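Results of the structural survey
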Amino acid sequence: MRRTHAVALLIFGSITAVLTTHVYSQSPPAPGTGHGFLIDKHIAAGLNCSACHAESPPAKAPDTAACTKCHGSYSDIAAKTAQDQPNPHASHLGDIPCASCHHIHQASVTYCAQCHNFDMKTP
Ligand code: HEC
Ligand code: HEC
Ligand code: HEC
Ligand code: HEC
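Remember, predicted model here, so these are calculated numbers, not experimental data. (Residues numbered from 1 in each chain as written. Chains lettered and ligands numbered in written order. Predicted model: local features only at pLDDT ≥ 70, side-chain atom pairs only at ≥ 80, totals over all residues. Heavy atoms only, no water.)

Focus on the site of ligand 3
Taken together, 21 residues are adjacent to ligand 3, and D84, H89, C98, C101 and H102 come closest. Note that a nitrogen atom of ligand 3 is positioned 2.7 Å from one of the side-chain N or O atoms of H89. At the level of secondary structure, the elements contributing two or more residues to the shell around ligand 3 comprise helix 3 (64-71) and helix 4 (74-80). Tallied by class, residues from the shell around ligand 3 come to 11 nonpolar, 7 polar and 3 charged. (Near = heavy atom within 4 Å. Polar contact = N/O pair within 3.5 Å; in protein donor to acceptor, adjacent residues only side chain to side chain. Helix = DSSP H or I, 4+ residues; strand = E, 2+ residues; numbered from the N terminus. Nonpolar A, V, L, I, M, F, W, Y, C, P; charged D, E, K, R; others polar.)

Written as structure tokens, this is what we have:
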């Protein structure tokens, strides 16, 4: 069981790495262009690359602090999703990186699904 999970994760990781390398080695996402992911909502809200990326041009994934400066602390966000059972922002895992679930330029994932089968869809 554990072994199967590990292999599946390894394969998933490799595919993600290949896709990411492929996409970004071709061309970085241009301002104003949609990708069907969370980047669209941020661009629609008028944000540019430097809203999240400290360096210009963007070169690496920003950390959680880049997200909390606008969206507030974990407890602020947990209050907004308090109606969710379980609350994705208040769990026994504590304040894990936003990127455990939310991605900006690629499909988001639900970290909890590694171990649980909740009806939870990460935007
Ligand atoms: C809302 C925050 C946010 C905005 C705005 C944003 N990014 Fe990103 N960017 C991220 C995150 C988070 C990652 C890590 C990969 C992911 O989760 O999608 C990333 C990764 C990247 C990477 C890949 C770095 C690596 O891991 O190799 C590039 C290049 C990039 N962004 C370029 C841009 C450009 C160009 C813009 C402006 C059009 C932009 N980003 C706007 C959050 C953002
Ligand atoms: C400069 C401010 C800013 C930063 C930095 C920022 N966001 Fe946002 N985010 C917004 C705005 C504005 C919206 C659109 C309005 C809303 O839904 O709140 C939004 C929307 C969202 C949504 C809601 C999407 C939905 O379906 O309702 C999520 C999730 C999100 N951001 C996650 C992130 C993550 C993760 C990061 C860090 C990589 C991040 N944001 C960085 C301002 C920001
Ligand atoms: C365990 C996965 C997970 C992690 C980690 C996570 N989120 Fe979420 N997030 C979700 C899910 C699932 C939803 C959708 C909740 C819903 O639709 O009721 C969500 C919704 C949101 C929203 C929209 C809330 C609203 O209804 O107004 C924002 C903003 C957001 N997340 C930001 C963040 C930020 C910032 C972080 C890191 C500090 C973070 N999230 C960490 C899973 C996660
Ligand atoms: C590495 C595995 C793992 C991950 C990832 C994980 N959990 Fe758990 N979780 C457990 C274990 C083990 C228990 C305790 C045994 C049980 O009660 O099922 C538990 C118990 C729970 C419980 C109480 C029991 C229940 O099922 O109602 C909740 C609620 C919960 N987790 C929510 C979450 C949420 C939300 C996430 C994602 C933010 C998450 N867990 C991620 C392993 C995990």
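From this point, things continue past the structure.
Thoughts on the site of ligand 4
Around ligand 4 lies a shell formed by P86, S91, H92, L93, Y111, C112, C115, H116 and F118. A distance of 2.8 Å is found between a nitrogen atom of ligand 4 and a side-chain nitrogen or oxygen belonging to H92. The separation between a nitrogen atom of ligand 4 and a polar side-chain atom of H116 is 2.7 Å. Taken together, the residues that form the shell around ligand 4 break down as 6 nonpolar, 3 polar and no charged.

Observations regarding the coordination of the iron atom of ligand 3
At the metal site, the iron atom of ligand 3 is ligated by H89 (NE2) and H102 (NE2), and these contacts range over 2.0 Å. Viewed at the metal, the 6 donor atoms of the iron atom of ligand 3 are separated by angles of 85 to 179 degrees, and the geometry they form is octahedral. On the criterion of sequence distance, the pair formed by H89 in the segment after helix 4 and H102 in the segment after helix 4 is long-range, its members being 13 residues apart. A relative accessible area of 27% means that H102 is categorised as partly exposed. (Donors = N, O, S within 2.8 Å, 3.2 Å for Na, K, Ca; no water. Tetrahedral: all angles 85-135°; square planar, octahedral: opposite > 155°, others 65-115°. Buried < 20%, exposed > 50% of the residue type's maximum accessible area, 1.4 Å probe, protein only.)

With respect to the environment of L93
Mapped onto the elements, L93 comes out in the segment after helix 4. Of the residues examined, L93 reaches a relative accessible area of 37% and is grouped as partly exposed. Between the alpha carbons of L93 and C112 there is a distance of 9.2 Å; along the sequence they are 19 residues apart.

Focus: the coordination of the iron atom of ligand 4
Taken together, H92 (NE2) and H116 (NE2) make up the protein donors of the iron atom of ligand 4, found 1.9 to 2.0 Å from the metal. Considering all 6 donor atoms around the iron atom of ligand 4, angles at the metal cover 87 to 179 degrees and the coordination shape is octahedral. With H92 in the segment after helix 4 and H116 in the segment after helix 4, this residue pair connects regions lying 24 residues apart in the sequence. Owing to a relative accessible area of 36%, H116 belongs among the partly exposed residues under this scheme.

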